[in-house]
Amino acid sequence: MKRFPRREFLRKSSPAVSFAPAMAGSCLTLVTTAARGASLGVNDKIRLGVIGCGGRGRDILGVFLSNKGVDCPVVCDVDEKMLTRAVADVEEKRGHTPDTVKDFRRVLDRKDVDCVLVATPDHWHALPTVYACQAGKDVFVEKPLATSIDEGRAMVEAAKRHKRVVQMGTQWRSGSHQKEAVEFIRSGKLGKIGIVRGWVYLDWVGSIGRPADCPPPPGVDYDLWLGPAPKRPFNPNRFHFNFRWFWDYAGGLMTDWGVHLINIMLWAMGPDHPKNVSSTGGIFVLDDNRETPDTQVTTYEFPHYTMIWEHRAGSNNGPYNKDWAILFNGSEGTLIISADGWEVIPERKKQNVEAIKRPQGGDERFPHVKNFLDCMRSREQTVENLEVGHHASSVAHLGNIALRVGRNIVWDATEERIVGDPEADRLIGVKYRKPWKLPYARRA
């Protein structure tokens, strides 16, 4: 199988490219053909463009390519090393070399792309998703939706206006054992549920040290990597995997892991939003230059129950001896969902519900991608559509906002604003570095 030298394949791009770097801040106005997704037949090949080729991007690319009806004509990343690895993955699975670009807009301008995978750092989730919807592409975007609630709302609006199929990559929503547990909770057999609790205790999250600023690695377009985020000197800790520990680009473990668990909690408990949120924590364990807390406990007051989120880095001895889990405490028993599956522990003095223990249901990534592909053909809503994803992401963001301002916040879900606290309310939005602008943002 023929391989192209790195410099040669990095020069390859679609002949239909019409975006130039000078257009960095423009709101796209695209002349496109009718949405191909509306007429996809069962046997039509779905053509995927990948935006973000790091570890998660290549992982989900592999899941997409496990479906015979999917091909990948183009991959995009600001880092040549990531592009090289993604190209090798496509070559191995499809026998051809995809085109490569560094600017994601060049993926969206192509007529041979039906959908895109957005697997970038969080601060780059909103713009590619919104622009892709404008360009008539369906989108599979990683969680959380973005770095702020307002960006998430803009993404929801874009999907609605342009009638796009969009899936957020919280794959547990497609898990069989999670679904079984949620159905049991909804059956009412646990009785009245007053406390819902989720936690992650992760010993693999260790110190990242305090490296000095330095030039970006060769082959990296660092200004494009920053994009709408504030201009800062390059630091190894603010790049690739560790970006998630800095507020400019992400929300720490709360949004990295919390969205997964919060999503399941809300799935089981219903569409309500929290009324009040308080959070405490800090960098208590690790000695490094991260900004997001290694230890955090957040309490959400919902209309009919209390939700508690907690995380701890540097340790895996969580409650019930589980490094992560979700607990629903009802008047008749307690249900716990974890990596092992789910189980029901009856109340000792009542025994009105039977003890249950069910195993883990398999790799959720594959049915989650399959749901997206099926919905591209049917034009139905995905299981983790943007309204669902925005709900879970917003709850996580509210926990971080309460932590950052250091006080209880009152949430108006209808208006998506924090009541009586201008400082906290400003954190609902995000200020983009010029010339980048986000269409449909309420707080530009």
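Summary of the structure given here.

Rules used in this analysis
- Residues numbered from 1 in each chain as written.
- Predicted model: local features only at pLDDT ≥ 70, side-chain atom pairs only at ≥ 80, totals over all residues.
- Heavy atoms only, no water.
- Pairing = 2+ DSSP bridges.
- Helix = DSSP H or I, 4+ residues; strand = E, 2+ residues; numbered from the N terminus.
- Axes fitted to C-alpha atoms, helices over the stretch in contact; angles between N-to-C directions.
- Contact = heavy atoms within 4.5 Å.
- Polar contact = N/O pair within 3.5 Å; in protein donor to acceptor, adjacent residues only side chain to side chain.
- Core = buried A, V, L, I, M, F, W, Y, C linked by side-chain atoms within 4.5 Å.
- Buried < 20%, exposed > 50% of the residue type's maximum accessible area, 1.4 Å probe, protein only.
- Salt bridge = Lys/Arg side-chain N within 4 Å of Asp/Glu carboxyl O.

Moving on to the sheet that holds strand β6 (residues 166-168). Across a sheet, strands are paired by hydrogen bonds formed along the backbone, either parallel or antiparallel in direction. Ordered in space as β3-β2-β1-β4-β5-β6, the six strands form an open sheet in which the pairing is parallel. The strands lining the two open edges of the sheet, one partner per strand, are β3 (99-101) and β6. Strand-to-strand twist of the sheet, defined as the mean angle between neighbouring strand axes without regard to direction, takes the value 20°. Sheet analysis places strand β1 (residues 46-51) next to strand β2 (residues 70-76), joined by five bridges and oriented parallel. The residue of β2 that forms the bridge with G49 is V74. Of the strands in this sheet, β1, β2, β4 (115-118), β5 (138-141) and β6 touch helix α11 (residues 365-378), which is tilted by about 165° from β5.

Further remarks concern the pairing of strand β8 (residues 276-282). Sheet topology places β8 next to strand β9 (residues 295-301); seven bridges connect them, and they run antiparallel. When the sheet's bridge partners are listed, V277 is paired in β9 with Y300. As paired strands, β8 and strand β15 (residues 409-412) are joined by two bridges and run antiparallel to one another. Considered in β15, the bridge of N276 is made with V410.

Tracing the backbone shows T298 in strand β9. A polar contact is formed between the side chain of T298 and the side chain of S279, at a distance of 2.7 Å. Setting aside its immediate chain neighbours within four residues, T298 contacts M254, V277, S278, S279, M307, I308, W309 and G399.

Further remarks concern the nonpolar core. F328 and L335 are the most contacted members of the largest nonpolar core, which totals 101 residues. Membership of the second largest hydrophobic core comes to 28 residues, among which are V50, C53, I60 and L65.

The next point concerns the pattern of salt bridges. On inspection of all chains with the given rule, the structure shows 35 salt bridges. For R164, the salt bridge goes to D138, with nearest N and O atoms at 2.9 Å. Taken as a pair, R164 in the loop between α6 (149-161) and β6 and D138 in strand β5 lie far apart in primary sequence, 26 residues in all. Assessed through its relative accessible area of 9%, R164 is described here as buried. The exposure class assigned to D138 is buried, which follows from its relative accessible area of 0%. Here E384 makes a salt bridge to R173, at a shortest N to O gap of 3.9 Å. On the criterion of sequence distance, the pair formed by E384 in the loop between α11 and α12 (386-405) and R173 in the loop between β6 and α7 (176-186) is long-range, its members being 211 residues apart. Given the relative accessible area of 15%, R173 is considered buried. One salt-bridge network, held together by shared partners, links R56, D59, E142, D363 and R365.

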